[in-house]
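# Reading the structure
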Amino acid sequence: MFRKKSERKNLSSLHVRVQFPPSKEFKVLILEEGMTGHEVLEFVGSQVNIDQIADYGMFIPPNRKNPGCWVKEDQPLSSYNIQNQDVVEFKKKHRPMRVALPNETYRTVLIDDTACVKDLVIPILNKIGEKEVEELPEGSSETRDVRLRKKSIMTSNPKHEFVNVEFLKHDLTLREQGVTGDATVVLFKRRVDGELTYDMCLQFPNISGYLLQRKVSRVRRGWKKRWFSLRKDKLYYGMKPDQELQRYIPIQVVSLVQGEERIPGMPKKYAGCGFQVITQQRVFYFLSTNVRDMYRWVEALETCRKMFAGDASFWTSRYSSFLKGIQQDDDESSDFRFQDREDGVPERSGLPDDDTLEEEDLTESIPPDLGDYTEADKRFLVRTCNDRFSKDEKLDGKIPIEEEGNDLFQKARDGVLCSKLFNSEFPGVLDEDELKTDPDDVPGHRSNIEACLESAKDMGCSVTDVEVDDVLAGKPAKVLRLMMETMKTGLHSSIVQEAEIHRLCRPGEDLSHIMQMSLEELLLRWCNYHLAKVDRSMSNFAEDIRDGVNYTYILNQIAPDDCDLDALKEADPKMRAQRVIDDAKDIGARACITPDDIVEGNARINVLFVASLFQAAPGLHEDPEEDMGDYDDDDTAYFVKRINHALRDDPDVTDKVPINPETKDLFRKAKDGVVMCKLFEERFPGSLPIQQMHLKPKTTEERLENLNLCIDSVENRDSNVVGDVDAEEVAVGRAQSVLRLVWKIEKAKLSAILLAQPFVITLVHPKEDLVTLINKRPEEVLLRWINSHLDPSQNVLSFSTDLMGGDAYSALLKSIGADLDDQDDTSTPEARAQGIISAASKLLDGPCFLSPKDICEGRHRPNLLFVGQLFDHYTRTMSLEPEGLGEFTHADKAYFTRHIDAALCSGESDNDLWSPMDPGSDDLFLRSPNGLLLCKFINHEFPKTIDERVLNVGSKGTKPNAAEVLENINVCLNSAKALGCTTSVEPSQIVTGKASPIMGLIWDVLDARLANDLSLTNHPELELLMGPDEDSQIMQTLSAEEKLVRWANHHLQRAGFERTLKDLSADGVDARMIGTIMNQVKPDVCGLEVLAESDPEKQAELVLENTKAMGASTFAQPRDIASGNPRINKLLMGSIFCASPPLSLEPRDDGVEYEAPSWMNDFRDESREERAFRVWINSLGLSATVDNLFEDLKDGRVLLMMIDSVHPGLVDWKKVNTDARSIYKKVGWFELQDTLAGLTCTQVENCNYVIELAKGLGMTIINLGGKDIAEGSRKLTLAIVWQIVRHGILDMLKRITLHGKSATEDDVLEWANERVKRVGKQTRISSFQDSSLHTSHFLINLLYSCRPSSIDYGLVYPGENETQCEENAKYTISVAWKVGVPTFILWEDIVQVKPKMILVFCAMIMSRFEG
């Protein structure tokens, strides 16, 4: 780093590039080589407006040869190897460092990076306190000190196997000792010769062990096993642990290899266990024995890299330059094997006996473009072809096909393989003797493909988009489509010819309906036909089959002699899937599927697999021996006990209850429907219109009316219960129908129990949301709940075999607080089961109706309802815990809590729903899950946004259930989006009280409120802050923070303040500036005492006192302002602005008030429509967020994204200028006209392309060109946006089928009128301009027809005046939000009958309930 003295000659000037914070901009400064570091610092500091120059230093950044260093104040610049145009950073000298404390915790302190270690000790002691430093015995050696500290650190940091501790030299800086990044140190004190001294040790990980390293050489490729040991920033390696390790790998970049990504040549069983270390010269690949060890290595390597290897960005920026062509070291092999772990952690798979693994495939090729298909689909087809044609002579040389790479597509190019596959599905259609197999006969290949395609189309295959040249060229997506569609169509043709296929018909259907069903629909019905026998169902071939449970039951139903239920005992889903595949092969099915295809839920492959099961064993015959269906006498006895207990005190059924469980008494007494209706009424009080029931039915019609009343009530309560019930069959006492009706009632009650508490959300799995979980069958939810209380080794997958023996029940009952005596090994199963029942009855304080036989034999239904009782008891004692704050701070949390607490607990209506919240606690998150607090908060910030009449607050002392909570949260999130908040918060995050998403939503609302307060509509006088070269459009494009900065600087300049405001961050604003601004806007109540105060916190206290004096509302604390919290600063400045008098650049004595310019009138008229369109665009999920409709659309790219979202693939992005920027180029605080003609041209080219695509789609484009959009014309921009919005709505309607055809704009009107008529409402509209719409009655009736429970007509006004119409419109919008319709219409649009907005509103409702 330093030059020799002999080289320090001819000192001259240097042109150095100096980088300044915080913008990271460069300035070229002329420095003399003879200047000292102190002189350079003062000179550079004079170029920027920084007060605390002592906090800064000059830093020479790292390069390939040097790790970087600080320029010492007493050293001349000539002492450093600095050349012309080199970069030197002007930045703060302080950096954070962690200090380990004796109580096994850490403190983070700021240290001076230029100071020696001895100079750091005292400042650190002042911050952590001397009592936090451990004192060692006098005369202790450094070795003993290290050993003592190592023991303590190993206890406090269990993530690493070992932790190293090294003494730091007192007279050197940390950077000079190699510590260039994040560091953790330990301080301790000891007495040497009677004097107290302090030492500092560096703490860093030390991990050793065997790893597999990738080996690539000319002789042999594979993986070699080596012993590795991490020592600071070097990874040493050798053959075995007891040898001296001399070779090493420098640690520079470390990354995982996860998911679908694989290291070339990596064995499949090590997938997910790989990582790589990248150096300047090469990439080193490693494999660990399991995921846990891999993470340990990566964490240790990354910690050491951050501590010793300098700036990571230096290395990662050079990542791609040396990835290809890298050769690994070729060390000698080793006979040592991976040692067994001592910590008891099960290994994923042991390392091989040999030290080298041969690579599976080292060919690195570009992945083919598979279109809508996946690599898994391709591999499935390869396996299918290899299986079917392994002995076909015409395909000799083509079979086997390699699964990896493009082998399938290359071998399909001559058409022979595709033709063979077609004939295997449609035998004899193609004459295989006519196939041209000569590899050089291209015309013959074309003939093969033409014949195959023509025959495929004749058979109904959906291959119209596949051309001969596509197959001839081996285009992957087209080849896959031809082969997949051939298989699907062939299987469908084979299945519908099954003799017993008519058994899949439902009541009212005939065989023609089955013939018209798609293959997926047909197979789904077949699966549910068999699953209904075990009280299960499925709705798709992805999520519902991933665990293999449904497959196991289907196989057991279609082939009970060959396929048992033992697969359910497998805890690993992949092992269970393999058992399914083995069983499928046993019954003769073509099982070319893999366990990964099942576990990953590949729908295409699973459909074809189920089709092969159908062909092997349809299982559609009837079993005449089943008199009671899948019920038996034990089920009957169990149901009778539950009915007798439920109706024991009902005076209307004393002649029927108790029912004898030992006879067929139930079936006789259920015939008239009274017992069934009473049972339903007891389970769901008030849900059955009891006045319509005949207590003493005398005729068959009255008995049927009772039964239909009960059945309809059950269906209305829970339509998810499997199985249809015919009232006539119950009326004649058919056992299966009676038992099924009882079961439907009990299952509906079980679902209601699950939905009663939002706690059910804690059982959600990854990639599932609240709605998905609520719609799941009760069995799946309760199984998750059981397993959450059990050890993984006791994994319960069903309510039958897995609960036999009682072990799972015992563990569950103990976990939830039951007093259960331990049973010895000599206890009989019946005795253990009786002990479980007794403990459960004591816990529930009532009967559980379960018998020991139900547990011992693993009876599904009794066990399911019993677990439901336990769940109901348990949920009353559970609560949720919030998680971390994410990007927010505790100061933010406290501010938000005080803000909401003051808003909702300040004497307003309904304030008794919440008591005051503690800002230092998690009250804010614990009270948010029901959605009410957040909805009230939104209404406080934006009054009357939400019609609070739609909120579910509970009734009669009850809390909202999970479904009602979801509706509240829908209102909250949809209203926030309608206000322009670009929030990505999910309902499940709110209902589980997650802190970071909730705070993010609150901040979005506060930020949107501030933007609204500072809008030109509310403060047109802000246009006075325009620069001399700016026009009115500039002010319209500024953000709220930019407006506040201009406003603040205006007052600071008038006050003659020494500096101006750049932003609202900690470095940009302080209390002195805020106090000066307040004195300017309210000099009569706000003085300048803050300027005389030097203590930052006391300055902040004076600011807050002045804030209250001038009438501005704030919930900040002095420490918030003193610490420069950017969010709180922004809200505080906004509050001061709103409390200030209207802005005027010069005082006026004539008393004339400010008059808004003429352009403001047009701005007000367009702002409402602009906001609606902006919200719609942001709802599309584009990669860009639109904050200002006219500014952000100028370059045309967002418009093209909108078109591409509506019509995927329509935009040719090669034609788009991605470097196009706004016509206006930001310079400082102002926006100046950019005169570069090329810049404007790129914009206009994009906008012209938008117009070209719009015309091609049939949009109405009149007097509108690309230049109009690029120039930001408000009216013409609104015109093109509306055309795209309208086209998007129409395209959405095309995906909705009505009367056998795609819906159109006219169909929306017809559909809305038909839905309203269907529910008996008389309102009707002739068009979306119908004047009757202003009352909102039609729209309210439309929402009622879609979700009757959402409308309370007692809250609807007649619409006799403007006020009533306004209230109805607000109620309509809030109800739409409640039922999940993400609409951006405003109440003014309804009252004023804006046809465009009402069309979009109705179309969104139609899409929600018909799509």
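Refer to the preceding data block for the structure.
Sequence order as written defines the numbering, with residues in each chain counted from 1. For a predicted model such as this one, the threshold for reporting local features is a pLDDT of at least 70, and the threshold for listing and counting side-chain atom pairs is 80 or more; totals across whole chains, interfaces and linings nevertheless cover every residue. In computing side-chain values, all of the structure's heavy atoms are included and hydrogens and water are not.

Let's shift gears to the overall build of the protein. Runs of E in the DSSP output that reach at least two residues are strands. Runs of H or I that reach at least four are helices, and both are numbered from the N terminus. When helices and strands are tallied, the protein shows 53 helices and 23 strands. Only protein chains enter the calculation, and the probe is 1.4 Å; a residue is then buried if its accessible area is under 20% of its type maximum, exposed if over 50%, and partly exposed in between. Looking at the protein as a whole, 51% of its 1411 residues are labelled buried. Summarising the internal contacts of the protein: among those between residues at least 6 apart in sequence, 61% fall at separations of at least 24. As presented, the protein carries roughly 65,900 Å² of accessible surface, and 47% of it is formed by carbon and sulfur atoms. Contacts are assigned to residue pairs with any non-hydrogen atoms lying within 4.5 Å of each other. With residues, only the protein chains shown are counted as cover, and all accessible areas are computed by Shrake-Rupley using a 1.4 Å probe.

To define a nonpolar core, start from buried Ala, Val, Leu, Ile, Met, Phe, Trp, Tyr and Cys residues and group those joined through side-chain atoms within 4.5 Å. Ranked by size, the top nonpolar core spans 154 residues in total, and within it Trp-1047, Ile-1280 and Val-1281 carry the most contacts. Within the second largest apolar cluster, 85 residues are counted, among which are Cys-385, Leu-417, Leu-555 and Ile-598.

Think of a salt bridge as a Lys or Arg side-chain nitrogen and an Asp or Glu carboxyl oxygen that are within 4 Å of each other. Under the counting rule described, the total for this entry stands at 65 salt bridges. Here Lys-420 makes a salt bridge to Asp-392, at a shortest N to O gap of 2.9 Å. Residue Lys-420 is found in helix α8 (residues 416–425), and its partner Asp-392 is found in the loop between α6 (375–388) and α7 (407–411); the two are separated by 28 residues along the sequence. On the basis of relative accessible area, Lys-420 is assigned to the buried category, the value being 6%. A salt bridge links Glu-746 to Arg-683; the nearest nitrogen and oxygen atoms lie 2.9 Å apart. Of this pair, Glu-746 sits in helix α23 (residues 735–756) while Arg-683 sits in helix α20 (residues 674–683), and the two are 63 residues apart along the sequence. What makes Arg-683 buried here is its relative accessible area of 13%.

All right, on to a negative patch on the surface then. Together, Glu-39, Glu-42, Glu-73 and Asp-74 line one region of the surface with negative charge. By the element assignment, Glu-73 lies in the loop between β4 (69–70) and β5 (87–92). Only residues whose relative accessible area exceeds 30% and that form no salt bridge are eligible for patches; like-charged ones are grouped when within 9 Å, while nonpolar side chains (Val, Leu, Ile, Met, Phe, Trp, Tyr) are grouped when within 5 Å. None of His or the chain ends enter the tally, which takes Lys and Arg as positive and Asp and Glu as negative. Lysine's charge is taken at NZ, arginine's at CZ, aspartate's at CG and glutamate's at CD.

This part takes up the environment of Val-732. Mapped onto the elements, Val-732 comes out in the loop between α22 (727–731) and α23. As a C-alpha pair, Val-732 and Lys-671 span 61 residues in sequence and 6.3 Å in three-dimensional space.

We now examine the packing of aromatic side chains. We describe a pair of aromatic rings using the distance from one ring centre to the other and the angle between the two ring planes. Two rings belonging to Phe, Tyr or Trp (six-membered ring only in the last case) form a pair when the distance between their centres is within 6.5 Å. Interplanar angles under 30 degrees mark stacking, angles over 60 mark edge-to-face geometry, and anything in between is tilted. Applying the stated rule across the entire model yields 23 aromatic pairs. Their ring planes at 5° and their centres at 4.9 Å tell us that Tyr-56 and Phe-90 sit as a pair that is stacked. Here Tyr-56 is found in strand β3 (residues 56–60), whereas its partner Phe-90 is found in strand β5, with 34 residues between them in sequence. One exposure class covers both Tyr-56 and Phe-90, and it is buried. In this scheme, Lys NZ or Arg CZ marks a charge over a ring once it lies within 6 Å of the ring centre and within 35 degrees of the ring normal. Over the face of the ring belonging to Tyr-236 we find Arg-231, whose NZ or CZ atom lies 4.9 Å from the ring centre.

A pair of strands is considered paired only if DSSP assigns at least 2 bridges between the two. Across seven bridges, strand β6 (residues 94–100) lies against strand β7 (residues 106–112) in antiparallel orientation. Its bridge partner lying in β7, Arg-95 is registered against Ile-111. Where β6 hands over to β7, the hairpin turn is made up of five residues, of which Glu-104 adopts a positive phi near 65°. Note: β6 against strand β10 (residues 184–192), three bridges, orientation parallel. When the sheet's bridge partners are listed, Arg-98 is paired in β10 with Thr-184.

So, on to α6. Compared with an ideal rise of 1.5 Å per residue, which puts 14 residues at 20 Å, α6 spans 20 Å between its outermost C-alpha atoms and is within 8% of the ideal. Burial within α6 is extensive, with eleven of its 14 residues counted as buried. Within α6, the full set of buried residues consists of Ala-376, Asp-377, Lys-378, Phe-380, Leu-381, Val-382, Arg-383, Thr-384, Cys-385, Asn-386 and Arg-388. Elements in contact with the buried residues of α6: α7, α8, α11 (476–495), α16 (595–599) and α17 (603–616). Helix span, as expected, comes to 1.5 Å for every residue beyond the first.

Let's shift gears to helix α13 (residues 519–531). The first and last C-alpha atoms of α13 sit 18 Å apart over 13 residues, in line with the 18 Å expected at 1.5 Å per residue. Counting buried residues along α13, ten of its 13 residues qualify, which places the element largely inside the surrounding structure. Along α13, the positions that sit buried rather than exposed are Leu-519, Leu-522, Leu-523, Leu-524, Arg-525, Trp-526, Cys-527, Asn-528, His-530 and Leu-531. Where α13 is buried, its residues meet α11, α12 (511–516), α14 (549–558) and α17.

Where helix α38 (residues 1071–1081) contacts helix α42 (residues 1126–1139), the two axes come as close as 11 Å, and the packing angle between them is 10°. When the axes of α38 and α42 are compared, the pair comes out roughly parallel. Contact with α38, carried on its side by Ile-1074, Ile-1077 and Met-1078, involves Leu-1132, Met-1133 and Ile-1136 of α42 and no other residues of that element. Only the stretch in contact is used when fitting a helix axis, every axis being a line fitted to C-alpha atoms; angles between N-to-C directions are given from 0 to 180 degrees. An angle counts as roughly parallel when it lies under 35 degrees, as roughly antiparallel when it exceeds 145, as roughly perpendicular when it falls between 65 and 115, and as oblique in every other case.

It is worth spelling out the side chain of Arg-388 at this point. Within the secondary structure, Arg-388 sits in helix α6. Polar contacts, as used here, are pairs of N or O atoms within 3.5 Å; protein pairs need one atom able to donate a hydrogen and one able to accept it. Residues neighboring in sequence count only if both atoms are side-chain atoms. At a separation of 2.8 Å, a polar atom in the side chain of Arg-388 contacts the side chain of Glu-425. Leave out the neighbours within four places in its chain, and Arg-388 touches Leu-421, Ser-424, Glu-425, Met-487 and Arg-590.

Another aspect to go through is the packing of α8 against α11. Contact geometry of α8 with α11 gives a least axis separation of 9 Å together with a crossing angle of 10°. Classified by the interaxial angle, the pair formed by α8 and α11 is roughly parallel. Residue-level contacts link Leu-417, Cys-418, Leu-421, Phe-422 and Glu-425 of α8 to Leu-482, Met-483, Thr-486, Met-487, Gly-490 and Leu-491 of α11. Residues are grouped as follows: nonpolar covers Ala, Val, Leu, Ile, Met, Phe, Trp, Tyr, Cys and Pro; charged covers Asp, Glu, Lys and Arg; every other residue, Gly included, is treated as polar. Its residues placed into classes, the contact of α8 with α11 shows eight nonpolar, two polar and one charged.

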